[in-house]
Amino acid sequence: MACMKLGSKTDAFKRQGQAWFCTTGLPSDIVVEVGEMSFHLHKFPLLSRSGVMERLIAEASEVEEGCVIKLSDVPGGAKTFELVAKFCYGVKLELTAANVVQLRCAAEHLEMTEENGEGNLISQTDIFLNQVVLRNWKDSLKALQSCEDVLPYAEELQFPKKFIDSLAAKACTDPNLFGWPVLEHGGPMQSPGGSVLWNGISTGARPKNSSSDWWYEDASTLSLPLYKRLISAMESRGLKQEIIAGSLNFYARKYIPGLNRRQGSTESSNRLAPVGSGISLSEEDQKLLIEEIDHLLPMQKGLVPTKFLFGLLRTAKILRANPSCISNLEKRIGVQLDQATLEDLLMPNFSYSMETLYDVDCVQRILDHFLVMDQVVGGASPGSVDDAQLMGSPSLTPITMVAKLIDGYLAEVAPDVNLKLPKFQSLAAAVPEYARPLDDGLYRAIDIYLKSHPWLAESDREQLCRLMDCQKLSLEACTHAAQNERLPLRIIVQVLFFEQLQLRTSIAGCLLVSDNFDGSRQLRSGLMGQNDGVWATAARENQVLKVGMDNMRMRVSELEKECSTMRQEIEKLGRVKGSSTWGNVSKKFGFRLKSQMCSAQEGSVSKQNNPSVQSEKSKNQHKGKHKKNISSDE
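What you see is a predicted model; the values in this text were computed from it and never measured. (Residues numbered from 1 in each chain as written. Predicted model: local features only at pLDDT ≥ 70, side-chain atom pairs only at ≥ 80, totals over all residues. Heavy atoms only, no water.)

As for the confidence of the model for the protein
Detailed reading of the predicted model is not advised wherever pLDDT is low. For the protein, the mean per-residue pLDDT works out to 77, and 68% of the residues sit at or above 70. When the criterion is pLDDT under 50, residues 182-199 qualifies, and its contacts beyond four places in sequence or with other chains add up to 41 contacts. Per-residue pLDDT stays below 50 along residues 265-271; that stretch engages in eight contacts with residues further than four places along the chain or on separate chains. (pLDDT = per-residue confidence, 0-100. Contact = heavy atoms within 4.5 Å.)

Regarding the sheet that holds strand E2 (residues 13-16)
Pairing is mixed across the open sheet formed by five strands, whose spatial order is E2-E3-E5-E4-E6. The outermost strands of the open sheet, each flanked by one partner alone, are E2 and strand E6 (68-70). Taken pair by pair, the neighbouring strands of this sheet meet at an average axis angle of 20 degrees, ignoring direction. Pairing geometry for strand E3 (residues 19-22) and strand E5 (residues 37-41), over three bridges, is parallel. Each residue of the ladder has a partner; that of Ala-19, found in E5, is Ser-38. Lying over the sheet, helix H3 (residues 77-88) contacts E2, E3, strand E4 (30-34) and E5, oriented at roughly 10 degrees with respect to E5. (Pairing = 2+ DSSP bridges. Helix = DSSP H or I, 4+ residues; strand = E, 2+ residues; numbered from the N terminus. Axes fitted to C-alpha atoms, helices over the stretch in contact; angles between N-to-C directions.)

What about the packing of helix H20 (residues 397-413) against helix H21 (residues 421-430)?
Packing of H20 against H21 brings their axes to within 10 Å, and their N-to-C directions diverge by 165 degrees. Classified by the angle between their axes, H20 and H21 sit roughly antiparallel to one another. The crossing of H20 and H21 is left-handed. Residues Ile-406, Tyr-409 and Leu-410 of H20 form the contact with H21, whose participating residues are Phe-424, Leu-427 and Ala-428. Of the residues in the contact of H20 with H21, the class split is six nonpolar, no polar and no charged. (Parallel < 35°, antiparallel > 145°, perpendicular 65-115°, else oblique. Left-handed = near helix turned anticlockwise from the far one by under 90°. Nonpolar A, V, L, I, M, F, W, Y, C, P; charged D, E, K, R; others polar.)

Here is the structure:
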């Protein structure tokens, strides 16, 4: 830290308890009391430098013989007045960034101008401030911190503004252009050509480039009011929003311990991860800090990690922060909900009611904010998007990621026995249908909820299961659902129906591929004789494909048997209730089934894959015609 020495005399002051004495050999003729400290001095050195002391000494001399002056409002108190007294006596004095502001304010208060003596304290401190402190980052920062001790006097002289403007200008300037802050941070000296100097000799090595976050740690040493003013000054100078957001992130994590408990591995390994500041803020101060950070954070998406925002929200709820602050944090998270993780969403419920283990209402509000922003930005509608477009459209990726995230969250909160059905349904139904290419995740959440709430009525179960679309279940999910005793009967029938459709579609596709493959092999058999090994491999693959088709046929047969058995059971139930027709039951379940569909489709598949059966049938028809002709001739 830079300094400037004033005066030439050796120290002529000695302290005894709560009193300072001048050891020049002459008896003191004035006592100056500053707070609890008394200074036994001489009138002439003081009145020759200070206009205020000159008037006070004149007034005190008229009243009594023993001259005693009380100075209760000297900026900086007794410690600063000690330096002022030394200056008046011409004793050696060091001006530093840590004491120059107090000395300048005290000099202004005591009227130590050039009219009261050439080279007085005001002019000396101004020279040091302008030529040394304001040109240096570290000194400007130190001087700004010292303003807090004499803030009313410093504000009157506009010192905080000068230091903040100096710091903001340096932070907004590319440090690689001028070689600082490398020089100011204890780095190597540089030659005019830019190479690193060692003992004044150029090494030829180039200094490392400084990143834009070099000032984060220094700025975090400021108090919150001064830090806010510094950030505002940087914003007004056009500093990038992501740099400002990074500084706010650093500052908050330094003084709010709860934010560092859930930080990710990438954040914990960051070289700028804030260490313990040694300053323990009260809960009230932490709450105030969160509210101020929320006010200063830019609203732009992706500038701060979503995990950091969730940490702020969680701590704000614990500390009972302002409701508007909590609402703003929820909106910020909603804007970038697609960047969140399941761990982020699992926030404990801090409300007094404690109805549920996790704060489901908060997640609902965050999701609502995301959907509003998604409609504004993306403009996608459920009717204009199909599954194929959904899987390949980059603009719709965030909504699909959020749908998957919410399904995972529902599965995590579903075991909570206190989670009411309307709240679960509301959160599940909030995700648009087009956002889910598959409903497997939703089915898993519903199944867990049904398992944890076995007392639900049949009507409630059916209402809950209507949230998922059976046509959007994968084959594995359909297989599980068909055997799930917790699902209502209507849902199981629908699942069986759509599973059959999926299997038949798969078989038809496999047959089409097999026929095309066989035809191409016959066409190229004469041209590709030299590639017998390739065709042998293809033949083996074809054989494996046929085995897979046989397995699917067996599965179709099993499903049709289950469907037939279920149909018989339903018909028996219908006879008891006076309605024995299968058509009425099928309408009750929400879709139409032809009684002969399963057998007819099975026959068509078997005919297509067994040409020998067709040829046998044609032979029998031919024999029948032949016998008929013989009988007619007779």
